[in-house]
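Analysis of the macromolecular model
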Amino acid sequence: MASSLTKDSARPGTPGSEKTFFGHPRGLATLFMTEMWERFSYYGMRALLPLYLVAPGGLNLNAATATAIYSVYVSMVYLLAMPGGWFGDRVWGPRKTVAVAGGIIMLGHLTLALPSSGTFYAGLGLVAIGSGLLKANISTMVGHLYDGPSDARRDGGFTVFYMGINLGAFAAPLIIGTIGENVNWHLGFALAALGMALGLVQFLIGSRHLAERSSVVPTPLSDQEKSSTLRKAAIWAGIAVVFYAIVGFSGNYTLNWVLVPLTLLGVIIPTMVLVRIKRDKDLDRGEQSKMSAYIWFFVAAAVFWMIYDQGGSTLSIFAEGSAENSVFGWEFPVSWYQSVNPVLIMALAPVFAWFWLALNRRGKEPSTIVKFGSGLVLVGASFFLFLAPLSIAEGGHKAAAMWLVAIYFVQTVGELLLSPVGLSVTTKMAPAKYASQMMGVWFLAVTAGDATTGLLSIAGVDLNKTNIVALEATLAVVAGVAVWMYRKKVKALMGDVR
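By convention here, each chain's residues receive numbers from 1 onward along its written sequence. In keeping with the predicted nature of the model, local features appear solely for residues at pLDDT of at least 70, side-chain atom pairs appear and are counted solely at 80 or more, and the whole-chain, interface and lining totals rest on all residues. Each side-chain value is worked out from all heavy atoms of the structure, with water and hydrogens disregarded.

Comments concerning the nonpolar core
The biggest cluster of nonpolar side chains holds 101 residues, and the ones touching the most others in it are Met-45, Tyr-73, Phe-120, Tyr-294, Trp-305, Tyr-337 and Leu-404. What counts as a helix is a DSSP run of H or I of at least four residues, what counts as a strand is a run of E of at least two, and both are numbered from the N terminus. Sorting elements by how many residues they give to this core places helix α10 (residues 285-308) first, with 13 residues. Whether two residues are in contact is decided by their heavy atoms, any of which lying within 4.5 Å being enough. The residues touching Trp-305, leaving out its near neighbours within four places in the chain, are Glu-415, Leu-418, Ser-419, Trp-442, Ala-445, Val-446 and Asp-450. By nonpolar core is meant a set of buried Ala, Val, Leu, Ile, Met, Phe, Trp, Tyr and Cys residues that side-chain atoms within 4.5 Å join together. Only protein chains enter the calculation, and the probe is 1.4 Å; a residue is then buried if its accessible area is under 20% of its type maximum, exposed if over 50%, and partly exposed in between. Counting 23 residues, the second largest nonpolar core, distinct from the first, contains Val-98, Leu-145, Phe-161 and Met-196.

Okay, here's the thing in structure tokens:
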């Protein structure tokens, strides 16, 4: 990265050095590389996960159980982003939290690399905990590099940072997926650990270039709050230990004793958080109205992520057994499909940014509500498209790889319509009291969507069946049309937010 660092005497206040990273504070290079390697480890492991779960040489589980485990894992990563942000704000500060998170993630991947089904689930838990801690705090540190929201470089800095995410996500399945599928599953997981180790070393070496405020605990816990928090945590941990000890020693333990409570938490906690904020009497009438509008966006987003995240589970499992994973006679690992989305994001995101700007100049840019509804319709359309390869497979033939690529393409376009808009509208509609927490609330939409997928799988629903795929597709399209039909009502509730 040294070759991309240039002198910038016009900004002597850049944290840690007079050098910059593509015109941005040099600390951005540290966070860019840390996030790139962390995403490399996360997406590499995630690409292998459903395949390992169903493989005869892996855990040899059925498709429904594998999808449930995958969905619960992803939902927990996003659910834990909220307590991760809390740790950064109140216990360790963002910098220390990210350093500890990197260590936990690396340990989790190393645990996954052990050839034991018992340690495998412990490894998943460690990676989810570490990812939740890191996810909520590393973006905060990017913001710390700039002189507040008015800094003209701020948006560009987050764009560069976002590229790091997609670079890691693109490379991971190609490297980790290939090694895991073709050489050894556990060696693949070990490579994910190596990726996180590189990211952690990069972070520790380059942390001197970060803003000083990244080491500050913004609102530290008082001694009374610390003792109360520790006491409550110990009580709940004790209850869990006693409960599972009783279940285990009675001989009644099955995997569902863990999966069912976690999936229920993934649905109940987001609902409770929204209800708590909506019923807060400290919010004025305008803030209450915006929260009512935001619930529309939240529910719609949950439907979107429920379908979208099946690209890593339902579609992967389908590709493993029912797709012709080759192009012009050249075969490739199933995990490579997971590189399609990040490369499309990198290619299409600049095009979308230019397109919206061009329409805005002409006064024709679609509203937030229209973009959101269109994203939902497209993710539904992707599953209607999925019906074609499903029908081919039911006829006893292998579906062509390009069917799956087309599905990922449609989903990516939907993501570019919905996800950036969702992030933007979350910050715009957040009540002042919850300004720092609302990004975590947005992530809970992912939790709710994936938890719903997990519940369906646990209930024995085969998500690779034509009727179920058609039902999900219809649900998304209907939700998208409903958002569009009620756009005037939602727009009125949004007040001055556009």
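Quick look at the layout of surface pockets
The way it works is a 1 Å grid over only the protein atoms, where trapped points that fit a 1.4 Å probe form a cavity and open points with protein on both sides within 12 Å along at least five of seven lines form a pocket, and then any residue with an atom within 4 Å of a point lines it. Grid points are joined across faces, edges and corners, and a volume is the space filled by probe spheres set on the points. Roughly 530 Å³ of internal volume is contained in the second largest pocket. Around the second largest pocket, the lining comprises 20 residues; the ones closest to its centre are Met-76, Gly-125, Ala-128, Ile-129 and Leu-262. Those elements that place two or more of their residues in the lining of the second largest pocket are α2 (63-79), α3 (81-90), α5 (117-144) and α9 (256-278). Top element by residues in the lining of the second largest pocket is α5. It accounts for six residues. Class assignment of the residues belonging to the lining of the second largest pocket gives a composition of 18 nonpolar, two polar and no charged. Note on residue categories: nonpolar means Ala, Val, Leu, Ile, Met, Phe, Trp, Tyr, Cys or Pro, charged means Asp, Glu, Lys or Arg, and polar means any other residue, Gly included.

Observations regarding the packing of α10 against helix α15 (residues 438-458)
Across the interface, α10 lies against α15 with an axial gap of 7 Å and an inter-helix angle of 40 degrees. Judged by the inter-axis angle, α10 sits oblique to α15. Crossing of α10 against α15: the hand is right-handed. Only Met-438, Val-441, Trp-442, Leu-444, Ala-445, Val-446, Ala-448, Gly-449, Asp-450, Thr-452 and Thr-453 of α15 make contact with α10, whose side of the interface consists of Met-291, Tyr-294, Phe-298, Ala-301, Ala-302, Trp-305 and Met-306. Residues belonging to the contact of α10 with α15 are distributed by class as follows: 14 nonpolar, three polar and one charged. Angular values range over 0 to 180 degrees, each being the angle between N-to-C directions of two axes fitted as lines to C-alpha atoms, with helices fitted over their stretch in contact. Comment on the angle field: the value is read as roughly parallel under 35 degrees, roughly antiparallel over 145, roughly perpendicular from 65 to 115, and oblique elsewhere. In a left-handed crossing the near helix is turned counterclockwise from the far helix by less than a right angle, and in a right-handed crossing that turn is clockwise.

So yeah, pure geometry; function would need other evidence.
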